[in-house]
Amino acid sequence: MNYAPGALVTARGRDWVVLPESDENLLVLRPLGGSDAEIAGVYLPLEAVKSASFDPPSIQQLGDHSSCRLLRDAVRLGFRSSAGPFRSFARLAVEPRPYQLVPLLMALKLDPVRLLIADDVGIGKTVEAGLIARELLDRGEVKRLCVLCPPPLAEQWQRELLQKFHIEAELVLASTASRLEKSLDVGESLFEHYPFVVVSMDFIKSDRRRDDFLRSCPELVIVDEAHSCAFDGGANTGRHQRHQLLKGLAKDESRHLVLVTATPHSGKEGAFRSLLGLLRPEFEKLSEAASPKEADERKRELAKYVVQRRRGDLKAFLDAETPFPKRESPKEDPTYLLTPDYRRLFDKVLEFARETVQDADDKTYRQRIRWWAALGLLRALASSPAAAAMTLRNRAAVADTDSIETADELGRITVLDPAGDESAEGIDVAPGGLTDNGTETETSKRLRGLAAEADALGGKKDSKLQGLLQLLKPLIEEGFSPIVFCRFIPTADYVAEYVRKALKSVEVMSVTGQLPPEDREARIAELAAHKKQKRPIVLVATDCLSEGINLQEHFDAVVHYDLAWNPTRHEQREGRVDRYGQVKDKVRVITYYGKDNRIDGIVLDVLIKKHKSIRNDLGISVPVPTDPNKVMEAIFEGLLLKRQDKTEQGELFPEAVVKAQRDALHKDWQEAALKQSQTVYAQIPIKVDEVARELQAIQSAIGAAVDVERFVSETLRAAHAVVGDNEGTLKVDLKGTAPAIREAVGEEKTFVARFELPVPEGVAYLQRTHPVVERLANHVLTTALDAQAGQPLARRCGVIQTDAVQRRTTLLLARFRFHILTKQGNVEWPLLAEDCLLLGFRGAPQSAEWLPPGEAEKLLFAKPGGNVFEDKAKAFLEKVLDPEGMAVIGPQLARTGDERGKELLDAHRRVRESSKAKGVSHRIQAAGAPDLLGVFLFLPNGAA
């Protein structure tokens, strides 16, 4: 016998629902009222399976006024194949903010899905992309998923997919590929064998790996940090390889592609258009329109593919407050002064650097190597004695090259801050010195002497370090957990060592690119464990943590120990803690620099202050419209190539060069910022009322955070737990509860929970798919449906006296199951949808006056009046449940099911209607008769 998806069957001594993954030999079953964790397979040739019938409610088990509400919530929260416009929301382990539905609705209007999600830092782009993936999977439109990302972000993506979207993905990295390939059949690809993968962009972009990936790549690809794949020419080999990889993926016109970045526009128009061209080839020529009218049409079309929003404008989207933290900085940035010894070393190194690059006639790559090495020396010297000493002793980091272009490419990666050009790994290095080989020369002796001087300036002789200690002490006393960002690995390790010695009551750790990503996360987790034990913590890190890694759960302050030479890097650092999910309402940001260190002064004056000013004025972060590295190169070229007669450091920087570069840059930057602020919101084709309609529909079908909180609180109180409620935080004492409740919760004594983000450390975030909620819902429903259960928390029948009704009113709690059948070509596949509805009528069943849905819902919260004696309650219920009553109720449930099925089909089509998917049709079928779960009578006070 074939069992259709949604059918009820009996096997292994319990009732189950048949899932769509079943075939003629293997039934995939979920227990009636059970969770996804209990799904099992039954092989029909070996095990007996029978059709199951659903018994009507029994008047022998009468409940109180809360039974209907508890039972309805337990049923609704237990759904994993829910009704409503989206197939995926019942499977999510996070409740999306209303504004996060916009990219999903935009995506569902496209076929294939080609979307650029470019929302501001900290809004939740990972959730927005994950929603799209989960929805397409649950609609059956894709079977496989790939996330392409920088290597350090791979484990975070794997964790986010599993914890928030219940997608178990394999990591495909340089360190894991060989192990994974051992499981493959001959000729089989990794991406055919593993349906869900998170892939290192830098691993897969190589010519050797790329072709196999393009051949067998999944139908849906999410690209994180997509700005690193934009390319408009030049010598950046890594960028070119990444862009070629994505162009190859985009050539498949059926592939779904979701690009994710907070910085889509680096200031280079050509690079930005190359990114847009991945969505549709014609977008790459967007600015080449023949007329203004044609340009406007192209921009309107582009708006369907790009979503880019400011954080400030989303705080109260659809009247739902999203608690983004506020950045708080001192009125004046703290500074330090170089000690006399450090200043003398600075002057010596500067003079040495000038000598090495003064040969204006040398136009070879060797001269460019010397130029970059000299610049690296100055930068390392401004960072710390440790970075300076290591740099002075090492060979040039870019010595192994034979072209000016390659020297420049490597030099910019190792010396400057190419935010958005390379993965975080590429910037986390210490640049080399100026020696050309390992032989002893006068130059190498001089360098070693300078390195020894740098060694002698550490610790108490380092005024920059001592100033940091004075910054950290009040931060920690105020309860902040700061991250100190450094440019170089030696600086981070050096700073961590001295801070640990100076602040003995504080737990201090350093995280740099020398650690593999899993070890970085382990160190952060170790620090978080100390914080849970009420011990202050400080994290010292390089920029290997500045992109993608979310640190808002454990840290709430950022100290820029080394200024970045690209303001986007500052934004990325601060964005690690300043984002949705941050518990503190304010995060502290401190920009620390040398007052008499003109290197810091120029960076601050030319780049950092202007970036802050634009963000404060417009509420958005606008990248430098020209390459900031080129600006810094021009300024420092004036320093190194134009010898001055003065010896004071402040006079060694040609002010005219600095001012000219700064003024020209600021003018272009301001114009770019104003232009971007005027267009950023034009790219939202989804209207607010459309989002509101779909949000209301899905919350009605599966419940919202407020419903989860009410259900957990009422269930635990009914189970005799002591529950304290303080502004949405439940503190629960389970001592008086039955073992089954303690087992469901997974705790023996006490626990603390919240139901909306942000959630403080030590507090559980309970959403509808959390195991605690799943187990409580399963317990309530199972014990209510089991006629043999001794003391169920909810009952299937009840009679309540209340002032909420003027006539006898009956509520019916019914469950419906449907098949949404999607057909494309000759292939048709079913999706199971479950729904729970309240029906109500006044009077007797034979003369029923049926209530509108909203009125029936209100009765769930009716306050009870006087008691109803048990014999009278049973007499009232018998009039509804007797054959005559059921003869009326049964057909009404069937009609309601038909109407609800049509509404469900309309909603399923509605959110996808504009996609213009070719040859796709939908229809709906009822999967068995409706289940009458409960009957509850409401009597006017005094009627009983």
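First things first, this report covers the structure right here in the doc. The model shown is predicted, which means the values in this text are computed figures rather than measured ones.

Here we take up the state of the cysteines. Evaluation of the coordinates by the stated rule reveals 0 disulfides. Free cysteine Cys-146: the closest other cysteine sulfur is in Cys-217, separated by 5.2 Å. On the basis of relative accessible area, Cys-146 is assigned to the buried category, the value being 0%. Cys-836 carries a free sulfur, and the closest cysteine sulfur to it, the one in Cys-68, is 8.6 Å from it. Residue Cys-836 is classed as buried on the basis of its relative accessible area of 7%.

A separate point is helix H10 (residues 269–276). The α-helix winds at 3.6 residues per turn, so residues separated by three or four positions along the chain end up facing the same way. The element H10 is largely enclosed, with a buried count of 6 among its 8 residues. Listed in full, the buried residues belonging to H10 are Ala-271, Phe-272, Arg-273, Ser-274, Leu-275 and Leu-276.

Next up on the list: the packing of aromatic side chains. Within this structure, the stated rule accounts for 10 aromatic pairs. Considering the side-chain rings of Phe-86 and Phe-89, the 4.9 Å spacing of their centres and the 20 degrees angle between planes classify their relative orientation as stacked. Phe-89 shares its class with Phe-86; the two are buried. When the centroid spacing of 5.2 Å and the interplanar angle of 55 degrees are considered together, the rings of Tyr-336 and Tyr-592 count as tilted. One end of the pair, Tyr-336, is in strand E15 (residues 335–336); the other, Tyr-592, is in the loop between strand E20 (586–591) and strand E21 (593–594), with 256 residues separating them in the sequence. In terms of burial, Tyr-336 and Tyr-592 fall into one category: buried. The lysine or arginine in question, Arg-14, covers the ring of Trp-16, its NZ or CZ lying 5.3 Å from the ring centre. Looking at Arg-379, its charged tip hangs above the ring of Trp-565, at a distance of 4.3 Å from the centre.

On to the environment of Leu-757, then. Within the secondary structure layout, Leu-757 lies in the loop between strand E24 (750–754) and strand E25 (764–765). Between the alpha carbons of Leu-757 and Tyr-580 there is a distance of 8.0 Å; along the sequence they are 177 residues apart. With residues up to four places along the chain from it excluded, the contact list for Leu-757 reads Val-94, Pro-323, Tyr-580 and Tyr-765.

For helix H25 (residues 688–702), with 15 residues, the first-to-last C-alpha span of 21 Å sits near the 21 Å given by 1.5 Å per residue. Regarding H25, the residues found buried are Glu-690, Val-691, Glu-694, Leu-695, Ile-698, Ala-701 and Ile-702. End-on view of H25: buried residues confined to an arc of 130 degrees, all on one side of the axis. Residues of H25 that are exposed and point over 90 degrees away from its buried face: Asp-689 and Gln-696. The inward-facing, buried residues of H25 contact helix H1 (67–78), helix H2 (101–108) and helix H31 (883–910). Backbone geometry just after H25 places Gly-703 at a positive phi near 90 degrees.

Below, the discussion takes up the pairing of strand E28 (residues 827–842). As paired elements, strand E27 (residues 809–824) and E28 share 16 bridges and run antiparallel to each other. Residue pairing across strands places Lys-823 opposite Glu-828, the latter belonging to E28. Counted between consecutive antiparallel strands, the loop separating E27 from E28 contains 2 residues, among which Gly-825 sits at a positive phi close to 65 degrees. Where E28 lies against strand E29 (residues 849–850), 2 bridges are found, and the strand directions are antiparallel. Within E29, the position partnered with Arg-842 by the bridge is Glu-849. The hairpin turn running from E28 into E29, its antiparallel successor, is 6 residues long, and Gly-843 in that turn takes a positive phi close to 80 degrees.

Looking now at the pattern of salt bridges. Pairing of side chains with opposite charge becomes possible as their charged atoms draw close. Counted under the stated rule, the structure contains 62 salt bridges. Here Arg-588 makes a salt bridge to Glu-328, at a shortest N to O gap of 2.9 Å. Here Arg-588 is found in strand E20, whereas its partner Glu-328 is found in strand E14 (residues 326–328), with 260 residues between them in sequence. When its relative accessible area of 14% is taken as the criterion, Arg-588 is described as buried. Overall, Glu-328 belongs to the partly exposed group, its relative accessible area being 25%. The shortest N-O distance in the salt bridge between Arg-393 and Asp-455 comes to 2.4 Å. Taken together, the positions of Arg-393 in helix H14 (residues 385–393) and Asp-455 in helix H17 (residues 442–455) put the pair 62 residues apart, joining distant regions of the chain. The network of salt bridges with common partners includes Arg-72, Asp-73, Arg-76, Asp-707, Arg-710 and Glu-857.

The rules we used
- Residues numbered from 1 in each chain as written.
- Predicted model: local features only at pLDDT ≥ 70, side-chain atom pairs only at ≥ 80, totals over all residues.
- Heavy atoms only, no water.
- Disulfide = S-S within 2.5 Å.
- Buried < 20%, exposed > 50% of the residue type's maximum accessible area, 1.4 Å probe, protein only.
- Helix = DSSP H or I, 4+ residues; strand = E, 2+ residues; numbered from the N terminus.
- Phe/Tyr/Trp six-rings, centres within 6.5 Å; stacked < 30°, edge-to-face > 60°.
- Lys NZ or Arg CZ within 6 Å of the ring centre and 35° of its normal.
- Contact = heavy atoms within 4.5 Å.
- Expected span 1.5 Å × (residues − 1).
- Arc of directions from axis to C-beta.
- Pairing = 2+ DSSP bridges.
- Salt bridge = Lys/Arg side-chain N within 4 Å of Asp/Glu carboxyl O.

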